[in-house]
Amino acid sequence: QVQLVESGGGLVQPGGSLRLSCAASGSIFSINFMGWYRQAPGKQRELVAVITSGGSTNYAGSVKGRFTISRDNAKNTVYLQMNSLKPEDTAVYYCNFVTPRAELWGQGTLVTVSS
């Protein structure tokens, strides 16, 4: 069974940067959407960014201009470059792949923005 493996989370100071990665452990024939969601303590999971197979992107208003999502189709990998991080970006970040047959989730990686 294909699994999504995330990496890149950690502790960063306000204004700093992090890059998250999410790769599929096996081969996937077709991935329609790749995205990143996050869930802060006491809050619901929310969409951060999504990218289609054609490269079109969409961002939550709170991260637009600071975060950049990208994908490597050959590697079945999605990235999230996060710049100008704020304390309110602190959350567990989850990657999400949507295929014609299934929806896959990563295990989550914690991002903490604090001085």
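Structure shown above.
As the structure is a prediction and not an experimental result, all values here were calculated from the model.

Draft legend 1. Examining the side chain of Arg 38 more closely. In this fold, Arg 38 is placed in strand β4 (residues 33-39). Engagement of the side chain of Arg 38 in a polar contact is seen with the side chain of Glu 46, the distance being 2.7 Å. One polar contact links Arg 38 to Tyr 93, side chain to side chain, over a distance of 2.9 Å. Contact partners of Arg 38, with chain neighbours within four places excluded, come to Gln 44, Arg 45, Glu 46, Val 48, Ser 62, Val 63, Phe 67, Glu 88, Asp 89, Ala 91, Val 92 and Tyr 93.

Draft legend 2. Looking closely at the sheet that holds strand β7 (residues 67-72). A sheet is described by the order of its strands in space; here four strands give the open sequence β1-β3-β8-β7, paired in antiparallel fashion. Edge positions in the sheet fall to β1 (4-7) and β7, since each of these pairs with one other strand and no more. Within this sheet the neighbouring strands show an average axis-to-axis angle of 15°, counted without direction. Pairing analysis gives six bridges linking β7 to strand β8 (residues 77-82), with the strands arranged antiparallel.

Draft legend 3. Molecular detail of the pattern of salt bridges. Within the structure shown, the criterion is met by three salt bridges. The salt bridge involving Glu 46 is made with Arg 38; its shortest N-O contact spans 2.7 Å. Residue Glu 46 is classed as partly exposed on the basis of its relative accessible area of 35%. The class for Arg 38 is buried, based on a relative accessible area of 6%. Across the salt bridge formed by Arg 66 and Asp 89, the nearest N and O atoms sit 2.8 Å from each other. Of this pair, Arg 66 sits in the loop between β6 (57-59) and β7 while Asp 89 sits in the loop between β8 and β9 (91-98), and the two are 23 residues apart along the sequence.

Calculation notes
Residues numbered from 1 in each chain as written. Predicted model: local features only at pLDDT ≥ 70, side-chain atom pairs only at ≥ 80, totals over all residues. Heavy atoms only, no water. Helix = DSSP H or I, 4+ residues; strand = E, 2+ residues; numbered from the N terminus. Polar contact = N/O pair within 3.5 Å; in protein donor to acceptor, adjacent residues only side chain to side chain. Contact = heavy atoms within 4.5 Å. Pairing = 2+ DSSP bridges. Axes fitted to C-alpha atoms, helices over the stretch in contact; angles between N-to-C directions. Salt bridge = Lys/Arg side-chain N within 4 Å of Asp/Glu carboxyl O. Buried < 20%, exposed > 50% of the residue type's maximum accessible area, 1.4 Å probe, protein only.

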